[in-house]
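Summary of structural features
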Amino acid sequence: MAAEYGADQIQVLEGLEAVRKRPGMYIGSTSERGLHHLVYEIVDNSVDEALGGYCSEINVTIHPDNSITVVDNGRGIPVGINHKTGRPAMEVVFTVLHAGGKFGGGGYKVSGGLHGVGASVVNALSDWLEVRVFHEGKIYMQRYEVGKPCFDEKIIGDCDPEKTGTQVTFMADADIFETTVFDYDTLKHRLREMAFLTKGLKITLEDEREGIQQKKEFHYEGGIKEFVAYLNKNKQPLYDSILYFEGNRNEVQVEVALQHNDTFNENVYSFVNNIVTPEGGTHLVGFRNAITKTFNDYARTNKLLKDNDQNLTGEDIREGLTAIISIKIADPEFEGQTKQKLGNSEARGAVEGIVSEQLTYFLEQNPAVAKTICEKSILAQRAREAARKARDLTRRKTALDGGALPGKLADCSDKDPKNCEIYIVEGDSAGGSAKEARSRATQAILPLRGKILNVEKAREDRIYENAEIKAMITAFGTGIHQDFDISKLRYDKIIIMTDADVDGAHIATLMLTFIYRFMPELIKQGHVYLAKPPLYKLEKNRNIWYAYSDEELDAILNEVGRDQNNKIQRYKGLGEMDAEQLWETTMDPEKRILLRVHMNEEQEDEIDVTFDTLMGDRVEPRRQFIEENAKFVKNLDI
Ligand code: TSJ
């Protein structure tokens, strides 16, 4: 332990103690999310070095004990004594709050973690942390425990004299965080995003933990252009080019990339200093203003819009648009309840000016692309008008006749939604068995015919014409989009019941897509479930077993013996079960398995749906099977 503490050091330690007392103030929370922010805080320092042009590679490693190493090939944190403080520069970085990147000539800082607090906060919240700097053939090192230096900066060995860089390893403090186990996918997602946002920078992520070992490399010479290509990769683009605009104005650095696809959804993500701004702000407003004005001007000038046609709305132009807006600004101001909405007014002008100018030029140079986008927007305009009429009609209907329920719905008798559940069943015949099997008081059945409309691939007016979708909307009772009201939900559980095969999984996916796009709160608040029918029935000596996977069938056979007189039935669909079997295996709340659907909030751009397992009393865990099957629905965007 370094023994002597002067007055400055005591002040420093008090600073770090404040971080440990109120960690939430510095990293948002001590949940899994806060834990992962520690990594981003460290990586941000290397990204700053890359933005300055001094670093081309960052490697992140999750070690078996869940400690983390971040290493870059930048200039290295300056070694030796920092004159202002009389302490080693690296010690200042890790022990003085807000010290990051502020010393040495030409310190450069545009990025910064969500809370922009830097390395000392990570140190304060770590059980231990070690930093190594590679400089002129020597390795400089210092170690800290619970924020305190264990010794002065020292040279611990030699390295290649050409090698420069900084390496930090830390172990999050288990006394502070709810969990200290890192999630590979969460880190992967954010590091990929950082690589897209910093063109040319190579970032690797390696997981050394037992049973997990994997490695990823992210390196995009095209930056956000490649980000747009990535977001559109499972979609059909409307034209080949990805539009790209960049420039500097009012001391705001602006980069925009965009491309339309043939879906009807808008996928526009904005970033400030490499941090996503889900609530947008002035930079997003500038972008929207620019495209609305530029496309309307172009469409008028080129007679794609006639004199008596209405102007295109921003929404019309953004139908099927995938775009990234990334700005860098010295003093970002965030407003709104969650402080995630950019407030700087100079950002609006900068983005609007750069996008208007360069988009106008692009459209003049690429009339075919311009025409494609304008025509799609004009179709969207017409569909919007038709959809408004259709929606008004549906709205009026439900209001007038007190919400006439769909004819196919066999409703339950209990009127308290808290007790009620609705089974959405694939196919009329399975629907029939389910109606017979159900517990009438609390279980409603809505049979749907075959595949429902894929709402990702249909325009809004066609969606409202679809009978299956209308039936679900009226049965649930909540309304959709801006009319959505959770207090009107007629069932506590919405249970999707489809065959246990690939077709069934596809149908379930289509239903989840519909719910996700029209009433996402139902998923967010945990009201949506998948039923899990069995795959096999085994009969032996008048005893019956049901198996929900091949592994389970195997386990049952091991137990009862693999004899000649075993009768094994493979269920190909729900229709093969009689009402009693359906009740016993899939609908009886005491015995059934339900998977609760939830959204991974970190990854909303990938629409990631995962599951909790809820099982009746007499069913033993079947985790593996469920994990395997959950993959079917992993990517909603089929
Ligand atoms: F902050 C930190 F300690 F957590 C950290 C910093 C962690 C990691 C993995 C890397 C870094 C870091 C810092 N990488 N590169 C730098 N660069 C500087 O600190 C640096 C070097 C030279 C000069 C100069 O003006 O000569 C200025 C700076 C800021």
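Provided above is the structure to which this section pertains.
Presented here is a report on the structure given in the accompanying data block. Sequence positions are assigned chain by chain, starting from 1 and proceeding in written order. The model is predicted, so local features are restricted to residues of pLDDT at least 70 and side-chain atom pairs to those at 80 or more, both for listing and for counting; the totals for chains, interfaces and linings are taken over all residues. Based on all heavy atoms of the structure, the side-chain values leave hydrogens and waters out of the count.

**Quick notes on helix 6 (residues 184-197)**
Over its 14 residues, helix 6 runs 20 Å from end to end, which matches the ideal 20 Å to within 8%, given 1.5 Å per residue. Along helix 6, 13 of the 14 residues are buried, which leaves the element largely enclosed by surrounding structure. Strands are runs of DSSP state E lasting at least two residues, helices are runs of H or I lasting at least four, and both sets are numbered from the N terminus onward. Each helix should span, by expectation, one fewer than its residue count multiplied by 1.5 Å. We call a residue buried when its accessible area falls under 20% of the maximum for its residue type, exposed when it is over 50%, and partly exposed in between, using a 1.4 Å probe and counting protein chains only.

**A word on the nonpolar core**
Working definition of a nonpolar core: buried Ala, Val, Leu, Ile, Met, Phe, Trp, Tyr and Cys residues. They are joined through side-chain atoms within 4.5 Å. Among the nonpolar cores identified, the biggest contains 65 residues, and Ile422, Phe476, Phe514 and Met519 are the most heavily contacted of them. In terms of residue count, the dominant contributor to this core is helix 15 (residues 502-518) (9 residues). The contact criterion used is simple: two residues touch if any of their non-hydrogen atoms lie within 4.5 Å. If we ignore the near neighbours within four places in the chain, the residues touching Met519 are Ile473, Phe476, Thr478, Gly479, Ile480, Phe484 and Phe514. By size, the runner-up hydrophobic cluster in this structure holds 59 residues, among which are Ile58, Ile77, Val133 and Phe227.

**Let's talk about the packing of helix 12 (residues 428-437) against helix 18 (residues 579-587)**
Lines are fitted to the C-alpha atoms to define the axes, a helix being fitted only along its stretch in contact, and any angle between axes, read from their N-to-C directions, falls within 0 to 180 degrees. For the pair helix 12 and helix 18, interaxial distance at closest approach is 8 Å and the crossing angle is 80°. Taken together, the axes of helix 12 and helix 18 are roughly perpendicular relative to one another. In this structure, helix 12 uses Ala430, Ser433, Ala434, Glu436 and Ala437 to contact helix 18, whose residues at the interface are Ala579, Leu582, Trp583 and Met587. Throughout this entry, Asp, Glu, Lys and Arg are counted as charged residues, while Ala, Val, Leu, Ile, Met, Phe, Trp, Tyr, Cys and Pro are counted as nonpolar. The remaining residues, Gly among them, count as polar. By residue class, the composition of the contact of helix 12 with helix 18 is 7 nonpolar, 1 polar and 1 charged. The scheme is simple: roughly parallel for angles under 35 degrees, roughly antiparallel for over 145, roughly perpendicular for 65 to 115, oblique for anything else.

**Quick word on the sheet that holds strand 14 (residues 267-272)**
Two strands qualify as a pair provided that DSSP identifies no fewer than 2 bridges between them. The 5 strands are arranged 12-13-16-14-15 in an open sheet whose pairing can be described as mixed. If you trace the sheet from one side to the other, it starts and ends with strand 12 (243-249) and strand 15 (275-276), each paired once. Bridge count between strand 14 and strand 15: 2 bridges; the pairing is antiparallel. Paired with Phe271 across the strands is Val276, a residue of strand 15. Packed on one face of the sheet, helix 10 (residues 345-365) meets strand 12, strand 13 (252-260) and strand 16 (321-328) and runs near 135° to strand 12.

**Description of the pairing of strand 12**
Strand direction decides the pairing type here: strand 12 and strand 13, joined by 7 bridges, are antiparallel. Counterpart to Arg249 in the pairing with strand 13 is Val252. Counting the residues between successive antiparallel strands, the hairpin from strand 12 to strand 13 contains 2 residues, one of them, Asn250, with a positive phi of roughly 50°.

**Thoughts on the packing of aromatic side chains**
Each aromatic ring pair is specified by the distance between its two centres and by the angle formed by the two planes. The pairing test for Phe, Tyr and Trp rings, Trp by its six-membered ring, is centres within 6.5 Å, and the orientation test on the planes gives stacked under 30 degrees, edge-to-face over 60, and tilted for anything in between. Inspection of the entire model under this criterion finds 7 aromatic pairs. Seen in terms of ring centroids, Phe227 and Phe271 are 6.1 Å apart; in terms of plane orientation they differ by 40°. Their pairing is tilted. In this pair, Phe227 sits in helix 7 (residues 224-231) while Phe271 sits in strand 14, placing the two residues 44 residues apart along the sequence. Here Tyr464 and Phe518 contribute two aromatic rings whose centre-to-centre distance is 6.3 Å and whose plane-to-plane angle is 75°, an arrangement assigned as edge-to-face. Here the residue Tyr464 occupies a position in helix 13 (residues 460-465), and Phe518 occupies one in helix 15, the gap between them amounting to 54 residues. The two residues Tyr464 and Phe518 agree in class, both being buried. Pairwise contacts between aromatic rings join Phe196, Tyr220, Phe227, Tyr230 and Phe271 into one cluster. Lys154 extends its terminal NZ or CZ atom over the ring of Phe151, reaching a point 4.1 Å from the ring centre. In this scheme, Lys NZ or Arg CZ marks a charge over a ring once it lies within 6 Å of the ring centre and within 35 degrees of the ring normal. Directly above the aromatic system of Tyr40 lies the positively charged group of Arg190, at a separation of 5.8 Å from the ring centroid.

**Points about the sheet that holds strand 23 (residues 536-540)**
What the 3 strands build is an open sheet, ordered 24-23-25; its pairing is antiparallel. The strands lining the two open edges of the sheet, one partner per strand, are strand 24 (543-547) and strand 25 (567-570). The average undirected angle you get between the axes of adjacent strands in this sheet is 20°. Relative to strand 24, strand 23 runs antiparallel, the two sharing 5 bridges.

**Considerations on the side chain of Glu468**
Among the structural elements, Glu468 can be located in helix 14 (residues 467-476). Take Glu468: its relative accessible area is 8%, and that puts it in the buried class. Polar side-chain contacts of Glu468 include one of 3.0 Å to the backbone nitrogen of Arg449. The contacts of Glu468, once residues within four sequence positions are left out, are Leu448, Arg449 and Ile452. Contacts described as polar in this section are N or O atom pairs within 3.5 Å, which, within protein, must combine one atom able to donate a hydrogen with one able to accept it, while residues neighboring in sequence count only if both atoms come from side chains.

**A few points about the pattern of salt bridges**
If charged atoms from side chains of opposite charge come close, those side chains can pair. Here, a salt bridge means any side-chain nitrogen of Lys or Arg that lies within 4 Å of a carboxyl oxygen of Asp or Glu. Tallied over the entire structure, the rule returns 31 salt bridges. The partner of Arg20 in a salt bridge is Asp173, and the shortest N-O contact between them spans 3.0 Å. Of the two residues, Arg20 sits in helix 1 (residues 7-21) while Asp173 sits in the loop between strand 9 (165-172) and helix 6, which places them 153 residues apart along the sequence. Like Arg20, the residue Asp173 is buried in the burial classification. Lys188 is the salt-bridge partner of Asp185, the closest N and O atoms lying 3.5 Å from each other. Placement of both Asp185 and Lys188 in helix 6 is noted, with a separation of 3 residues, approximately one turn of the helix. A single salt-bridge network, built from bridges that share partners, covers Glu130, Arg132, Arg143 and Glu145.

**A short note on a negative patch on the surface**
Exposure above 30% relative accessible area and the absence of a salt bridge qualify a residue for a patch, where like charges join within 9 Å and nonpolar side chains (Val, Leu, Ile, Met, Phe, Trp, Tyr) within 5 Å. Here the Shrake-Rupley method, with its probe set to 1.4 Å, supplies the accessible areas, and only the displayed protein chains count as covering residues. Here Asp and Glu are counted as negative and Lys and Arg as positive; His is not counted, and neither are the chain ends. Where a charge sits is defined by one atom per residue type, namely NZ (Lys), CZ (Arg), CG (Asp) or CD (Glu). Taken together, the side chains of Glu251, Asp331, Glu333, Glu335 and Glu346 define an acidic patch exposed on the protein surface. Note that Asp331 resides in the loop between strand 16 and strand 17 (334-335). Judged by relative accessible area, which is 59%, Asp331 ranks as exposed.

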